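# Notes for the structure review
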Amino acid sequence: MLALAWVAALVWLGWMVARGLHPSGDLREFMPRGQTPMQRLVLDEMGDGPGSRLLLVSLAGLPPERLAALSKGLAGLLRCDPRYTQVVNGDFDLTGLVDRRLLPYRYLLSPTLDRQRLDAPYLHVQLTQRMQDLGSPAGELLEEWLPSDPTLELLAIAERWRPATMPPLYDGVWMSARDGALLLVQTRAPGFDPTAQQAAIAGIGDALRALADGGRATLTLSGPGYFSVVLSAQTRRQADWIGLVSTLGFIVLVLLAYRSAGALLLGALPVLSGALVGIVALLSWFPSVHGITLAFGFTLLGVAQEYPLRVLSHRRAGESALTGVRSLWPLLATAIASACIAYLAFYASGVGGLQQLAVFTITGLLVAGLSTRYLLPLLLPSQVRDVAGMAWLARARASVDRLPRPRWLPWLLALAAVAMLVAAPGAFWQNDLAALTPLPQAQLQRDLRLRTALGAPDVRYLLVLRAADAEGVLRLSERLEPEIARLRAAGALADAELPSRYLPSLHRQRLRQQRLPDRPALEAALRQAQRELPFKAGTFAAFVDDVQRARAAEPLDAAAFAASPLGERLAAMLRTREGATFGLVTLNGVRDPAALQALARAHGDRVQWLDLKASAEALVVDYRDRILRALAVAAMLLVLTIVVALRSLRRAWHVLAPMTLATFLVLAVERMAGIEISLFHLVALILAAGLGLHYALFFEHDSDDPAEQRRILHATLVCVASALLVFGMLALSDIPVLRAIGLTVSLGVLFHFCLSLLMAPHAHRAEAAR
Amino acid sequence: MMLWCSAALPLPCAVAAPAETAGFDVDWVLRKLARPAPMRTGFVEVRDSKLLQRPLRVTGEYRRPDADTLVREVRSPYRETTTIRAGEAVIARAGGTRTFTLDRVPELRQLQASFGALLAGDRPALERLYAIELDGTRARWALTLAPRDRQLAARVQRLTLFGRGAELRCIETLPADGGRLQRTLMAGAARAAAGIDDDAGLVSLCRGSG
């Protein structure tokens, strides 16, 4: 009855959790808050910047004319979909500018007027060129433009706005011989949010299939958002598969150890309760729960699986479960309390992600521990087989007792650990979280190929311009233009997309306006320029009108420019926050980061060079420092708790020494194997230390009762075997993040077990007695 | 006689060929037109535009210095040399040189490919790009090419090549969007055009009725 109620409560909790839990993939929530506006901007740009929201799309597998039609259809559908902020497929035409009131602004937008006045000599050169254009095979194409635009100003703007590199056009859209029709799609969702990116990616596929023939084309994607989806799916798939195999192994193990199916089912309830209540606690304490918190939290909660196993192993024949638990409880309570107190240090760290981790783990451990103490015994059958009676266990215990335990062994191991840590090759810390979830080489190569073909911006580097307002940013951007051009010529980068490329500052536009001639002057210049040329009189009246309109027009600011086809593009480059305006300059083909860094330095704090990878690594370093500080506090709290609980410095030493030595030994062995230590290794080390604390506590407690000794050995062996089973499987994974956790915990469990066995005090007592 | 004929550049020597229709087909014309590089021929083009007081009469020379290069050199009334090679067009004028890639103007690339096919006598390649129709006799033929490719067809409705025997004398290009017909006179027709100014005279020179 109680069992049913417990299970029902868990099901209800599970349903609540499933409804309320939407783990966020936003890495920034897991990171310390930025201190300066620039730091906060960096944090935003890491996941939200133009580069990280860009998907590179290719359609292939059909003849080019079909692909071109699909590209146009797909772009049309996606442009109406709010999930995408920008869709570019190459049909880059200026009709938006041409048909509207913006057309006369071409004289303010084009740089021609900076060098040139619209006087008779210049117009004569231009008109001669236009006559020759009409005499060329391309004359037809130009004819309709010439009356209003004989200097081809629109072409000059198109040249300026067109990216430096673009794929070839076919039927007006980008088409590459190798990858078919190419599109750039910018999602509204940030790149690191796999759930939202998954939806955006699915949307592209759905839109394509909605088109005639769309299902027959091969859709390929690339870009940060796509990769985050691929990686999380890949990691989850492998973790699920490994989880299934190790769960089966665990079931077999428990059945073998206790010969009871009931034990198996009941043994799972405390951890399950801990996890579910832990999530409920998270949901009620924090507005959103981070995915990494859950991943780390579930890992750390692995300790709690020991509680029911200990209870099961310590059952005595003819004794009620309740009595058994009571005798075990002081030790178990010490373990639970010391772990919980240690995790309090994480809560005090002040970092959102770590606080979540502390709340989840402490709640989970307490619930699992208390339910093991107060609920589980009521459900266990009253009659069980005492494991102490097993013959093999007695033999095992005897051989354990016979193991040599030289007093110098721990000191030798400590010395070896120090030596290995000092001599280990490579860097100690791994700061690049992405290195733990690497992408297949083929996908990286395709990404590079598409990125180069499309001239898509670099996702790593960014220049940030800072001024009081948008006009200030545009003026600063204009000052940078010649410097960037010099760097481009020197090969330091392929292209930089400066905001002033699309919109000159009001100041610059006014200067150009002042250079435009008035109607009589322009008409006189035209008359003079046309002499000797075969153009009909009055051909260029529309030109004269447009120049007059440009002279009188109010210069375009960023808001007015928003109506143009490139308005959104400019808007995406300007950010206003905390009283300042920031201009984001995306770069591509960066070959000499140092030169760009020097350029930024020369402009003081108005131009900032951002290396998002370096910034992310700096954040990881900062984050790790906080974990390490929290760990130091946790270690002190742990020492204090153990000393108070055991009421003896000497006994506390016997518990803490093997645990500490084993932890450093794991570090040393991994470092010696060339492994760089990441956040995931640290969390795994903490879990292993939690398990090691149990082994050491129970072995230290070793009573003089041989039966009890055997039960402790049995419980510890089952715990070690199950931990090795679960984490040993993870260690075999080919995904580095899973391998990091698996290998560290497996090594930890082995070392903790061996050392707490060899350094346990009873052996010395036994030796002394002999 | 045959040797002299094939060695010489477009000359009206094929006039001597019998005018009967036996063996006269597209293959025959293509065989006659095939010219290994290097080759050159003078041209006269008359380009009309609603912006101009009178049509522009452009003379110069088309050259194919090697199989992959096409040069259009204008000598009068101004000097301009356009060189199309390796997917790039270079236009050299008195005011400077401009280069643009044909990737951005795929129609031009196709035109270049069809000239290549024409001059190589490669009928299958030409048939892939155009529906071909032949009219006339060996002495006075007209080969009409209608683009199959949608992109090219959006620009050019048809090209008509007029010739006499082995001599390609004129190409008429009819734009798709109701534009004016453009005419390029070559070889003997270009030479004969010197001094002829009126439209009717040029049309008859082009079509070979003159």
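This structure is a prediction, so every number in the text was calculated from the model and none was measured.

## Some remarks on the state of the cysteines
All names here are of chain B. Taken as a whole and judged by the stated rule, the model has one disulfide over all chains. Put simply, C170 and C206 are joined by a disulfide, and their sulfur atoms are 1.9 Å apart. Its S-S torsion of about -85° marks the bond between C170 and C206 as left-handed, since a negative value means left-handed. Highlighted residues: C170 in strand 10 (residues 167-175) and C206 in helix 7 (residues 199-207), separated in sequence by 36 residues. Neither C170 nor C206 differs from the other in exposure class; each is buried.

## Topic: the interface of chain A and chain B
If you look at the interface, chain A gives 24 residues, while chain B gives 28 residues. Buried area between chain A and chain B, summed over both chains or domains, comes out near 2500 Å², and the portion from carbon and sulfur atoms is 51%. Between the two partners, chain A and chain B, sit three salt bridges. Residues K50 of chain B and E143 of chain A are paired through a salt bridge, measuring 3.8 Å at the closest nitrogen-oxygen approach. Counting across the interface, chain A meets chain B through 13 residue pairs in polar contact (both at pLDDT 80 or more). Elements with a minimum of two residues in the side of chain A that touches chain B: helix 7 (120-134), helix 8 (139-142) and strand 3 (169-170) of chain A. In terms of residue count, the dominant contributor to the side of chain A that touches chain B is helix 7 of chain A (five residues).

## Some points on the sheet that holds strand 7 (residues 130-136) of chain B
The strand order across the open sheet built from 11 strands is 6-5-4-3-2-1-11-10-9-8-7 (chain B), with neighbouring strands paired in antiparallel fashion. In this open sheet, the two edge strands, each paired with only one partner strand, are strand 6 (96-101) and strand 7 of chain B. The average undirected angle you get between the axes of adjacent strands in this sheet is 20°. Bridge count for strand 2 (residues 56-64) of chain B against strand 3 (residues 69-76) of chain B is five bridges, and the pairing is antiparallel. Residue T59 of chain B lies in a different strand from strand 3 of chain B, and its bridge partner there is S76 of chain B. Across the face of the sheet, helix 7 of chain A comes into contact with strand 1 (39-47), strand 2, strand 4 (80-85), strand 5 (88-93) and strand 6 of chain B while running at roughly 130° to strand 5 of chain B. The strands that helix 7 of chain B touches are strand 1, strand 2, strand 9 (156-164), strand 10 and strand 11 (182-186) of chain B; relative to strand 11 of chain B, the one it contacts most, it runs at about 60°.

## Re a nonpolar patch on the surface
A surface patch of nonpolar side chains, about 360 Å² in accessible area, is lined by W12, W15 and M16 of chain A. Relative to the elements of secondary structure, M16 of chain A occurs in helix 1 (residues 2-20).

## Observations regarding the confidence of the model for chain A
Residue and element names in this part refer to chain A. Taken over all residues, the pLDDT of chain A has a mean of 84, while the share at 70 or more is 93%. Considering each helix and strand of chain A separately, the mean pLDDT is smallest for helix 4 (residues 95-98), with a value of 50, and largest for helix 22 (residues 506-515), with 95. Low pLDDT, under 50, characterises residues 766-770; the stretch is placed with one contact to residues that sit more than four places away or in other chains.

Procedures and definitions
- Residues numbered from 1 in each chain as written.
- Chains lettered and ligands numbered in written order.
- Predicted model: local features only at pLDDT ≥ 70, side-chain atom pairs only at ≥ 80, totals over all residues.
- Heavy atoms only, no water.
- Disulfide = S-S within 2.5 Å.
- Helix = DSSP H or I, 4+ residues; strand = E, 2+ residues; numbered from the N terminus.
- Buried < 20%, exposed > 50% of the residue type's maximum accessible area, 1.4 Å probe, protein only.
- Contact = heavy atoms within 4.5 Å.
- Buried area = accessible area lost by both parts, 1.4 Å probe.
- Salt bridge = Lys/Arg side-chain N within 4 Å of Asp/Glu carboxyl O.
- Polar contact = N/O pair within 3.5 Å; in protein donor to acceptor, adjacent residues only side chain to side chain.
- Pairing = 2+ DSSP bridges.
- Axes fitted to C-alpha atoms, helices over the stretch in contact; angles between N-to-C directions.
- Patch = residues over 30% accessible without salt bridge, like charges linked within 9 Å, V, L, I, M, F, W, Y side chains within 5 Å.
- Areas by Shrake-Rupley, 256 points an atom, 1.4 Å probe, with all protein chains shown as cover.
- pLDDT = per-residue confidence, 0-100.

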